[in-house]
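Coordinates in review
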Amino acid sequence: MGFRKKNKSPPVLSHEFVIQNHADMVSCVAMIILLGLMFEVTAKFAIMFITVQYNVTQSLDTDAEDQPEPVNYYKYGHKDIATVFFYLLIAIILHALIQEYILDKINRRLHLSKTKHSKFNESGQLATFYLFSFVWGCSILTNEEFVTNPTFLWESYPHIHMAFQVKFFYICQIAYWFHALPELYFQKVRKEDIPRQLYYICLYIFHINGAYVLNLHRLGLVLLVPHYLVELLFHASRLFYFSDENKQKGFTLWALLFVITRLLTLTVSVLTFGFGLSRTDNQGFSLADGNFNVLTVRMTCLSAICLTQAWMMWKFINFQLKKWREQSQIQASKKKAVSPKSRPSKKDSRGGSVNGVMKPDDKTSPRARKSKASFSKPDVSDLSKWNNRVISNLLYFQTNYFAAAIVVFLIVGFMNPLGMFLGGAVLALVFMVSVWAGENKAMIKNFKKKNPTLFVVGVMGISYFLLSLCGGVMVFVFGITFPMLLILIHASLRLRSMKNKLENKIEGVGLKKTPMGVILDLLDQQEEKINKIQDFLESKLKD
């Protein structure tokens, strides 16, 4: 570790030597770059590493007719790589200072285990960075008025000009997440923790660089600030948890804000790529002008954001289930250990000994009773409580997904009511024609029975083709397909109770019909379920 004094110095340029003195080495490289400013020959190269490049001066129209006020803006270019490299060195130095003078001193007082020690260092470093980035990002959003006017996210695209604070913010963000890669070696991160950290480091690098290169820095800034707030709350809660395991209230607030932030990210992304950028006048692809406003790029960016949010939500649900399962098992084992049934009675304790000495042929011994109590199964009441808790939380998550589908549907209908009506009419017309053909045409009817899933995909494909002729592709994708995807996620996360199962069986037999059941029957999507229910009833009648 840098700045750490050791009695025995390792061999020069060995792994231990580099790890212990990496901050000193990096400081020497940064000082050499700074010393280059003192000489005219090297100043023009050194300034490329230190200051922000590609300055553009524009005249701002004011009320005064004499002379307009000049304003400095910045663009991006290949010279930014040198600037990122210099501030990457600064990030490594600051990382070593925080570790040496703050986190290591706290670790000595807490006496944490090796696993908690590694997680404490990770949360301490990330909490500091998230706090700094969140405050800095909020000040930029306030000064640039991105929040008060959401249309700034897509108006006058491409946004090739950036204010100094915006560009310097992105330079520091890129430099920090690139510095996290060598820190995996410098900090001696455990092998089992490296894949998990590599995942989120690479995701940060990919998304931040994508927003910077594609001139989507406004959208990237709006999405980063609430995300950093949620991550700051999580790592701060984990730091308090390591100091005192009873302090777990912060995780509840983090779980709530995590789901809200994911829905906010999806909504803003759909609004920007699906409707804002698609309606701007400057459509086309041009590397020279920095214009990437084409359908392929928009769909690729939106797909990357949606897949990332879905992956984060999947990891979040698995984390919560694992945590609840561990807590339920701990509580069940504690209750079983102190229950009266596990305690030996006086009669048993006396009957197994003669003159205070245990009989060797006794089948019950204190050791056997202890092992039996410690490895006993959890109580049924505890498992039922755990199941109810899991059901309530999963219902909470799937309700949010269903709410997101409704929000997206309303946004599409508000932004383009004619296109929404046209999309619904085309989909309904294609559905009616396909159902009629499936009932009256033998070839289509056989195909529908043998391949019901392909039949539904064909209906959606024909609807997409017809809407593309009318110019309503984006309305179809974001107004119909995307809400249907969220509704399917909503349905897949539901946990059926006995009442739901009984209603499904009644509906399958034909005693009750619902609108969705009628639609699925017309598409031959419930034939397999009905056959299973009939086999079930026949087996019960035979019994």
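Values in this document were obtained by computation on a predicted structure and should not be read as measured data.

On to a nonpolar patch on the surface. On the surface, Leu-94, Leu-97, Tyr-101, Ile-102 and Ile-106 cluster together into a nonpolar patch covering about 440 Å² of accessible area. The topology assignment puts Leu-94 in helix α3 (residues 80-110). With relative accessibility at 46%, the residue Leu-94 sits in the partly exposed group.

Another point: the nonpolar core. One recurring pattern in soluble globular proteins: nonpolar side chains tend to sit buried together. Tyr-130, Tyr-170, Trp-177, Ile-208, Leu-216, Tyr-228 and Phe-273 are the most contacted members of the largest nonpolar core, which totals 67 residues. Elements that contribute at least two residues to this core include exactly α1 (15-35), α3, α4 (114-144), α5 (164-186), α6 (194-213), α7 (217-243), α8 (249-276) and α9 (295-337). The element that contributes the greatest number of residues to this core is α5, accounting for 12 residues. Counting 15 residues, the second largest nonpolar core, distinct from the first, contains Phe-258, Leu-263, Ile-317 and Leu-321.

On to the pattern of salt bridges, then. Inspection of the entire model under this criterion finds 6 salt bridges. A salt bridge links Asp-80 to Lys-167, with the shortest nitrogen-to-oxygen separation between them at 3.1 Å. Linking Asp-80 in helix α3 with Lys-167 in helix α5, this pair joins segments that are 87 residues apart in sequence. Residues joined in a network through salt bridges with shared partners are Glu-122, Arg-196 and Arg-238.

Now for α7. Over its 27 residues, α7 extends 38 Å from the first C-alpha to the last, a length consistent with the 39 Å expected when each residue adds 1.5 Å. Buried residues dominate α7, accounting for 20 of its 27 residues.

On to the side chain of Asn-215, then. Along the chain, the position of Asn-215 falls in the loop between α6 and α7. Residues within four places of Asn-215 in sequence aside, it is in contact with Tyr-76, Tyr-157, Pro-158, His-159, Ile-160, Gly-290 and Phe-292.

With that out of the way, let us pick up unusual backbone geometry. Omega for the peptide link from Tyr-157 to Pro-158 comes to 10 degrees, which places this bond in the cis form. Position of Pro-158 among the secondary structure elements: in the loop between α4 and α5. Positive phi is not limited to glycine here, since Ser-156 has a value of about 55 degrees. Residue position: Ser-156 is located in the loop between α4 and α5. Phi at Lys-188 takes a positive value of approximately 55 degrees, unusual for a residue other than glycine. Note on placement: Lys-188 falls in the loop between α5 and α6. Lys-188 gets classed as partly exposed once you look at its relative accessible area, which sits at 48%.

Per-residue confidence for the protein chain gives a mean pLDDT of 75; residues scoring 70 or more make up 65%. Here residues 346-352 is modelled with pLDDT under 50, and outside its nearest four sequence neighbours on either side it reaches 5 contacts, counting other chains as well. Every residue in residues 356-392 is under pLDDT 50, and counting partners more than four places away or in other chains gives 30 contacts.

The end-to-end C-alpha distance of α1 is 29 Å, a good match for the 30 Å that 21 residues give at a rise of 1.5 Å each. A bend of about 65 degrees at Asn-21 is the largest found in α1. Among all positions of α1, only Ile-19, Gln-20, His-22, Ala-23, Val-26, Ala-30 and Ile-33 are buried. Next to the buried residues of α1 lie α2 (40-50), α3 and α5.

With that out of the way, let us pick up the packing of aromatic side chains. On inspection of all chains with the given rule, the structure shows 33 aromatic pairs. Both rings, one in Tyr-76 and one in Tyr-212, keep their centres 5.5 Å apart while their planes meet at 45 degrees; by these two values the pair is tilted. With Tyr-76 in the loop between β2 (69-74) and α3 and Tyr-212 in helix α6, the pair connects residues that are 136 residues apart, well separated along the chain. Note on Tyr-76: relative accessible area 27%, which makes it partly exposed. Of the residues examined, Tyr-212 reaches a relative accessible area of 6% and is grouped as buried.

Reading the values: the criteria
Residues numbered from 1 in each chain as written. Predicted model: local features only at pLDDT ≥ 70, side-chain atom pairs only at ≥ 80, totals over all residues. Heavy atoms only, no water. Patch = residues over 30% accessible without salt bridge, like charges linked within 9 Å, V, L, I, M, F, W, Y side chains within 5 Å. Areas by Shrake-Rupley, 256 points an atom, 1.4 Å probe, with all protein chains shown as cover. Salt bridge = Lys/Arg side-chain N within 4 Å of Asp/Glu carboxyl O. Helix = DSSP H or I, 4+ residues; strand = E, 2+ residues; numbered from the N terminus. Buried < 20%, exposed > 50% of the residue type's maximum accessible area, 1.4 Å probe, protein only. Core = buried A, V, L, I, M, F, W, Y, C linked by side-chain atoms within 4.5 Å. Expected span 1.5 Å × (residues − 1). Contact = heavy atoms within 4.5 Å. pLDDT = per-residue confidence, 0-100. Bend = angle between axes of the 7 residues up to and from the residue. Phe/Tyr/Trp six-rings, centres within 6.5 Å; stacked < 30°, edge-to-face > 60°.

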